[in-house]
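The residues making up each chain are set out below.
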Amino acid sequence: MPSRIQRPHRRRMLSLTVLAGERISPHFMSITLGGDDVQHLEQSGYDQSGRLFFADTDTDTDADDVFLPTSERWILQLTLRGSKPRPRVRTYSIRRFRPELSAFDIEISLHESSSSPVPDAPGTRWAHTVEPGAEVAFLDEGHSYAPTPDAAWQLLVGDETALPAILAILERSADTLPAEVFLEVPAPEDIRGDITAPPGTNIHWLPRAEPCAKPGALALQAVRQAQLPDGRFYAWTAGESTLATGVRRHLVGERKVPKSDICFRGYFNYGRAGL
């Protein structure tokens, strides 16, 4: 089973509005969500994430007619929603808090079908078409990043779906543990510059050569072949499920890392339109 997610003590469904959207690279879109309800969002762990409820743009339904839950008991609300269409629900990491705007940013990795001009994944569809003013709901789901107290450094591994969380971890732990980072992205143009990170951090960017290659395979291979620093370390890995479980299996079986020093999260299964 993946590592335990530490959920907030008080969970509240937030009613928010899209403030802005920006294409920051070929395969990433940044969306700013804001509103008065942001004051109820407690900043917790560095990889903090939440469920985003939004109207799917690939239907004939008007977005105003889609039911958006207002309670943390959202499953019950959706069951009793009446005739209103259901929203899409996807989980995204909080990339950056923006208190000056009563807002925060999420970043969505854009997964598009090479055979169709219309994106297959609902999250990608929404990111492409959403406009400022669109209403959404957001439920804080907590965090899982919890470094081992006596770790000398940290290992961070992920594909594009984990990139927002890993960059947030690096920025928010900038004065603590140095890191060895393996980040797989769809293309060289998705490599980021000017990253805030702890001193001594090494970031290994791994752009895929083949557009249709399975996400995570390149990162898993790189970790298996890597010459890692000495000393006890904490590992956080996320992304395609084979990557997350593969890194954990390698660290435990071949590098003899205690299971308690590893957090792994499978965000999606390759081949399913769940992003």
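Scroll up for the structure.
Because the structure is predicted, anything quoted here is derived from the model rather than measured. (Residues numbered from 1 in each chain as written. Predicted model: local features only at pLDDT ≥ 70, side-chain atom pairs only at ≥ 80, totals over all residues. Heavy atoms only, no water.)

A. Fine view of a negative patch on the surface. On the surface, Asp-62, Asp-64, Asp-65 and Glu-135 cluster together to form a negatively charged patch. Within the fold, Asp-64 resides in the loop between strand 3 (49-54) and helix 1 (74-79). (Patch = residues over 30% accessible without salt bridge, like charges linked within 9 Å, V, L, I, M, F, W, Y side chains within 5 Å. Areas by Shrake-Rupley, 256 points an atom, 1.4 Å probe, with all protein chains shown as cover. Salt bridge = Lys/Arg side-chain N within 4 Å of Asp/Glu carboxyl O. Lys, Arg positive; Asp, Glu negative; His and termini not counted. Charge placed at Lys NZ, Arg CZ, Asp CG, Glu CD. Helix = DSSP H or I, 4+ residues; strand = E, 2+ residues; numbered from the N terminus.)

B. Spotlight on the pairing of strand 2 (residues 28-34). Within strand 2, seven of the seven residues are buried, which leaves it mostly tucked inside the rest of the structure. Of the two faces of strand 2, both are covered, the one formed by Phe-28, Ser-30, Thr-32 and Gly-34 as well as the one formed by Met-29, Ile-31 and Leu-33. In this sheet, strand 2 lies alongside strand 1 (residues 13-25) in antiparallel orientation, the contact comprising seven bridges. When the bridges of strand 2 are listed, Glu-22 appears paired with Ser-30. Here strand 1 folds back onto strand 2 in antiparallel fashion, the turn holding two residues. As paired strands, strand 2 and strand 5 (residues 103-109) are joined by seven bridges and run antiparallel to one another. Note that in strand 5 the partner of Phe-28 across the bridge is Ser-109. (Buried < 20%, exposed > 50% of the residue type's maximum accessible area, 1.4 Å probe, protein only. Pairing = 2+ DSSP bridges.)

C. Inspection of the sheet that holds strand 11 (residues 262-268) at higher detail. With parallel pairing, five strands are arranged side by side in an open sheet as 9-8-7-10-11. Each edge of the open sheet is held by one strand with a lone partner, namely strand 9 (202-207) and strand 11. Strand-to-strand twist across the sheet, computed as the mean angle between neighbouring axes with direction ignored, equals 10°. In the sheet, strand 10 (residues 233-240) pairs with strand 11 via six bridges, with the strands oriented parallel. Directly across from Trp-236, in strand 11, lies its bridge partner Cys-263. Strands strand 7 (153-158), strand 8 (179-185) and strand 9 of the sheet are contacted by helix 4 (residues 217-225), whose axis makes an angle of about 150° with strand 8. Here helix 5 (residues 241-254) sits on the sheet and contacts strand 7, strand 10 and strand 11; the angle it forms with strand 10, its principal contact strand, is near 155°. (Axes fitted to C-alpha atoms, helices over the stretch in contact; angles between N-to-C directions. Contact = heavy atoms within 4.5 Å.)

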